[in-house]
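Notes for the structure review
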Amino acid sequence: MLRSDGPKSVVSKAIHRWSRSIPPEAGTIKLGFLVKTTDASEVDWSVPHPAVVNPIRVDGKTVVAWIMSPPGESSGGHQNIFRFINFLEEAGHTVRVYLYSAHTPYSVALVKEMVKNSPSYPDVKASFEDYTDEGVAADVTAIFATGWETAYPSFRDRSPARRFYFVQDFEPYFYAVGSDTVLAENTYHFGFEAITAGGFLAHKLSTEYGMKASSFDFGANRELYSVTNTERRKEVFFYARPVTARRGFELGILALEHFARARPDYIINLAGWDVSAYDIPFDYVNLKDLKIDELNEVYNRCATGLVISLTNMSLLPLELLSAGVIPVVNEGPNNRLVSDNPFLAYSAASPHALANKMIEIVDRQDLPEYAVAASESVRGSDWETSGRAFVEIFESSLRG
Amino acid sequence: MSLMSRAVASLTTEGPRQAASRVFNRLSIQLQTNRLGDSLVRPEDAVAVDWTVPPLFATDPPKPKTENVKTAWIISPPGRTSGGHQNAFRFMDFLEKAGHSVTVYFYTTESKPIDLVAIREMLRSTSAYPDLRGQLRIYDPEKGLDLDTDAVFATGWETAYPAYLHPTNARRFYFTQDFEPAFYPSGSDYVLAENTYRFGFHGISAGRWLASKLTAEYGMPGDHYDYAVDKDHYSLINSNRRTEVLFYARPPTARRAFEFGRLVLTELHRLRPDIVINMVGWDISPYPVPFPYVNHTALDISQLNEVYNRCAGALILSLTNMSLLPMEVMASGVVPVVNDAPNTREIFDSPYIDYQPLSPGAMAARLIAIVDDENQVSHATSMAASVASTDWIDPGETFIRDFTAAMAGAADGASAH
């Protein structure tokens, strides 16, 4: 046996897990990436793209291509992309949407139909087409990559258009360290210009990968989220998404176990996913996947909300603040660099420490007044401001 | 007009998330494992540890004790071919040979009971494991470790939790062999693993990259030992020109980036179909590989040198703590093409290691250049000689020296807590 692999403590665990299942038949295990294999193989980023070496300059209104995976109706990431496409169109630019997927079958017509009809998406004028080997249309002067895999077709495209990268999360973190991590991380070496959701990503991409990176701030919609309950609140909230690893569901449950023991008179609401299948060791209300217009009523019953974000911060903390809920957020630059709002209650990501912070908040004598002040503190954060910042970054980069 | 005010979508509109739709696609798999007990650590132990409050072993460190030290090692049940366990047992053996005692406690969340008889038999019959005198026990949370234990060693991250919870002020050591949070996507397991570096244990790390990372990023104090190449097994026995290449392929070990290596070799084969590609480390036959290759599966250590000596270059990818392989293949005259990163450069920075960016095209081009190198034979000879003449410091000596200093309280008051 080749045992010279050197020190590694979990090998036996991996082998053990492996051996529990029936050994696979020859030639049966598929290898798949989000990116098309040919694209991953052909991109040699150690040789920069000509459009990056000699960027074209464009002044005035222009044609912008966005390459993205086929949007699903409930995909928050895609909804946010279209929010910003809409800002570009409102500023007078023309947008062409190109769909790219290595595996998922999709229909351009159905995607267009969904975006047009869904209340979760804005009305855009953009055209929709399949991304093919032909590349983007000849009139395109700027290409936005979105998810990491879409950076590959952008790199292979022969168009001289300026290359931008709309980055909403640090996607290498979505994988255990391995081939996917490498393929995702490599896209930050492509020489594209990043426009990121929040300051953490811009900081990380510029300091660790030398990318030119700017960011826009998150917004919270005051029409949706506001204080309607100024009484003392006797419930708490946890944003529970067991299917999204970076939301730290298991860690949150460990913390709430302490909280439930210490403050048994508080109702614990879990929302974001139907968690009934999970073994949860305390009483809770399973709110499942709430509609956006049902959230403010729930928020207004809650004194504090636990929101764990292990990569880029969630939008939830700002929305909770707007509704007078004090968010307990895990300590880390990924959250601090996105919002330094003084009402965010940062805590070490230890089950005890998170619970203690929640207890501290529900025990506050001045909680009703504090909640109103928290809501006031985010009054200036709205998406229109973010949109203006985005368009300004884009246009000045194109000119420069 | 605000978009959100018109939205009647669900809470899943929580905002920027590139991969939401991808996550949905994976649901069918994830819902099968909907128990909290699937982590390597027992949830009870994870809940009980509060590392934000300084523990007894930090506030009231024990008096110096450097002889006849009673040590307890907490470790997951070993497998016959587990390099990590073999290395840990080697270090337990160093302690026994230095006059200390070792008791091994097996910790696991697997529902299958631990078979101590089978483990004893496996350890006894496997030459890669030393003959340990110490007792082997199953960790029982009700009983914990012996109360007269002087030094507790955690190994894999999950064992740091029971090590922390031991009620006495016995010294805590952490035998770290890799940066284990990287084995997970960002999520609860990542956090639970990462937090163990904040427990205030004294690290004994494999290589200086890991030790310096744990100190720089988590304030974890500690020492490291260097790896040593086994000169008996690896040497230059072929001084002719070589036309083959090697890939260290371990598909079940994500950090060895099998899929990425496959991209590199696909490109290499497209450009140069005449170059023979050897894969060692695992049986690759279940995996689709779009080019011809020799499947050596997991060879015995005694058969490796012969295969290595057929190869001009080797592709070796290490995404966390580096493998020993680059040094071993160099001893056999093979140029290692290694991904360029601090975790590979800080272990053994030899001018003969060919560091390359993780671009499939660039790596394929380098392997071809190595095969075509006019000076291939003389280069291989001087490279093998450089490894043969390296004076490896014995890891056992380093470890016992550092252990004794820590037991003498050399670092008390200087630790993170």
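In this text the structure is predicted, and so the values were computed from the model without any measurement. (Residues numbered from 1 in each chain as written. Chains lettered and ligands numbered in written order. Predicted model: local features only at pLDDT ≥ 70, side-chain atom pairs only at ≥ 80, totals over all residues.)

1. Here's the deal with the overall build of chain A
Filter applied, for reference: The secondary structure listing takes helices from DSSP runs of H or I that are at least 4 residues long and strands from runs of E that are at least 2 residues long, numbered from the N terminus. The globule rule used for comparison is 2.2 Å times the number of residues to the exponent 0.38, while the radius of gyration itself is calculated over C-alpha atoms. The contact criterion used is a C-beta to C-beta distance within 7 Å, with each C-beta placed from the backbone.
For chain A, the helix and strand inventory stands at 15 helices and 13 strands. Against the compact-globule benchmark of 21 Å for 400 residues, chain A has a radius of gyration of 23 Å, which places it among compact chains. The principal-axis extent of the C-alpha atoms belonging to chain A is close to 65 × 65 × 40 Å. Intrachain contacts of chain A at a sequence separation of at least 6 include 69% that bridge at least 24 residues.

2. Re the overall build of chain B
Let me state the cut-off plainly: Around each residue's C-beta, the other C-beta atoms within 10 Å are counted; 20 or more make the residue buried, 12 or fewer make it exposed, and counts in between make it partly exposed. All C-beta atoms are placed from the backbone.
When helices and strands are counted, chain B shows 15 helices and 13 strands. For chain B, the residues scored as buried account for 51% of the 417 residues in total. When contacts within chain B are restricted to residue pairs at least 6 apart in sequence, long-range pairs at least 24 apart make up 69% of them.

3. Quick word on the domain arrangement of chain A
All names here are of chain A. Stated formally: For each domain, the first and last residues come from an automatic or database assignment. Classification used: nonpolar for Ala, Val, Leu, Ile, Met, Phe, Trp, Tyr, Cys and Pro, charged for Asp, Glu, Lys and Arg, polar for all others including Gly.
In terms of domains, chain A is made up of domain 1 (37–219 + 386–399) and domain 2 (235–381). At the interface, 13 residues of domain 1 touch 11 residues of domain 2. Taken together, the residues that form the side of domain 1 that touches domain 2 break down as six nonpolar, five polar and two charged.

4. A few points about the confidence of the model for chain B
Residues and elements named next belong to chain B. Definition in use: A residue's pLDDT is the confidence the predictor assigns to it, expressed on a 0 to 100 scale.
Averaged over every residue, the pLDDT of chain B is 87; the share at 70 or more is 90%. Low pLDDT, under 50, characterises residues 1–35; the stretch is placed with 91 contacts to residues that sit more than four places away or in other chains. Reported for the predicted complex are a pTM of 0.86 and an ipTM of 0.83.

5. Regarding helix α8 (residues 208–218) of chain B
Residue and element names in this part refer to chain B. For α8, every residue scored as buried is listed here: W209, L210, A211, K213 and L214. Summarising the contacts, the buried residues of α8 are in contact with β5 (171–176), β6 (202–206), β7 (222–225) and α12 (342–345). Backbone geometry just downstream of α8 places G219 in the positive-phi region, at approximately 65 degrees.

6. Here's the deal with the sheet that holds strand β11 (residues 302–307) of chain A
Residue and element names in this part refer to chain A. Using the following cut-off: DSSP calls a pair of strands paired once it identifies at least 2 bridges connecting them. Only the stretch in contact is used when fitting a helix axis, every axis being a line fitted to C-alpha atoms; angles between N-to-C directions are given from 0 to 180 degrees.
The six strands lie next to each other as β10-β9-β8-β11-β12-β13, forming an open sheet whose pairing is parallel. Sheet topology places β10 (285–288) and β13 (345–347) at the edges, where each strand pairs with a single neighbour. Pairwise comparison of adjacent strand axes, ignoring direction, gives a mean angle of 25 degrees for this sheet. Bridging between strand β8 (residues 235–239) and β11 involves four bridges; their strand directions are parallel. Looking at the pairing, F238 lines up with L306 of β11. Packing against the sheet, helix α13 (residues 351–362) makes contact with β8, β11, β12 (326–330) and β13, and its axis sits at approximately 160 degrees to β11.

7. Things to note about the domain arrangement of chain B
All names here are of chain B. When cut into domains, chain B gives domain 1 (43–226 + 396–407) and domain 2 (244–388). Relative placement of domain 1 and domain 2: their C-alpha centres are 32 Å apart. Residue-level contacts link nine residues of domain 1 with eight residues of domain 2. In terms of residue count, the dominant contributor to the side of domain 1 that touches domain 2 is α8 (three residues).

8. Quick notes on the sheet that holds strand β9 (residues 276–280) of chain B
Residues and elements named next belong to chain B. Strand order in the open sheet formed by six strands is β10-β9-β8-β11-β12-β13, and the pairing between neighbours is parallel. Either end of the sheet is taken by a strand with one partner, and the two such strands are β10 (294–295) and β13 (354–356). Sheet topology places strand β11 (residues 311–316) next to strand β12 (residues 335–339); four bridges connect them, and they run parallel. Within β12, the position partnered with I316 by the bridge is V338. Of the strands in this sheet, β8 (244–248), β11, β12 and β13 are in contact with helix α13 (residues 360–372), which crosses β11 at around 160 degrees.

9. Structural notes on the nonpolar core
In plain terms, the rule: In plain words, the nonpolar core is the set of buried Ala, Val, Leu, Ile, Met, Phe, Trp, Tyr and Cys residues that C-beta atoms within 7 Å link up.
Counting residues in each nonpolar core, the largest one holds 233 residues, and the members touching the most others are A65(A), W66(A), I143(A), I74(B), V245(B), A314(B) and L315(B). If sequence neighbours within four positions are ignored, L315(B) has contacts with V245(B), F247(B), G261(B), V264(B), V337(B), M363(B) and L367(B).

10. Digging into the environment of W392(B)
Residues and elements named next belong to chain B. Mapping W392 onto the fold places it in the loop between α14 (376–388) and α15 (395–407). Residues W392 and A228 lie 164 residues apart in sequence; the distance between their C-alpha atoms is 5.6 Å. Not counting residues within four places of it along the chain, the set of residues in contact with W392 comprises A228 and V229.

11. Remarks on the packing of helix α7 (residues 179–186) of chain A against helix α9 (residues 258–271) of chain B
One can describe the packing of α7(A) onto α9(B) by two numbers: an axis separation of 6 Å at closest approach and a directional angle of 65 degrees. Packed against α7(A), whose contacting residues are S179(A), V182(A) and L183(A), the element α9(B) presents F258(B), E259(B) and F260(B) at the interface. Taken together, the residues that form the contact of α7(A) with α9(B) break down as four nonpolar, one polar and one charged.

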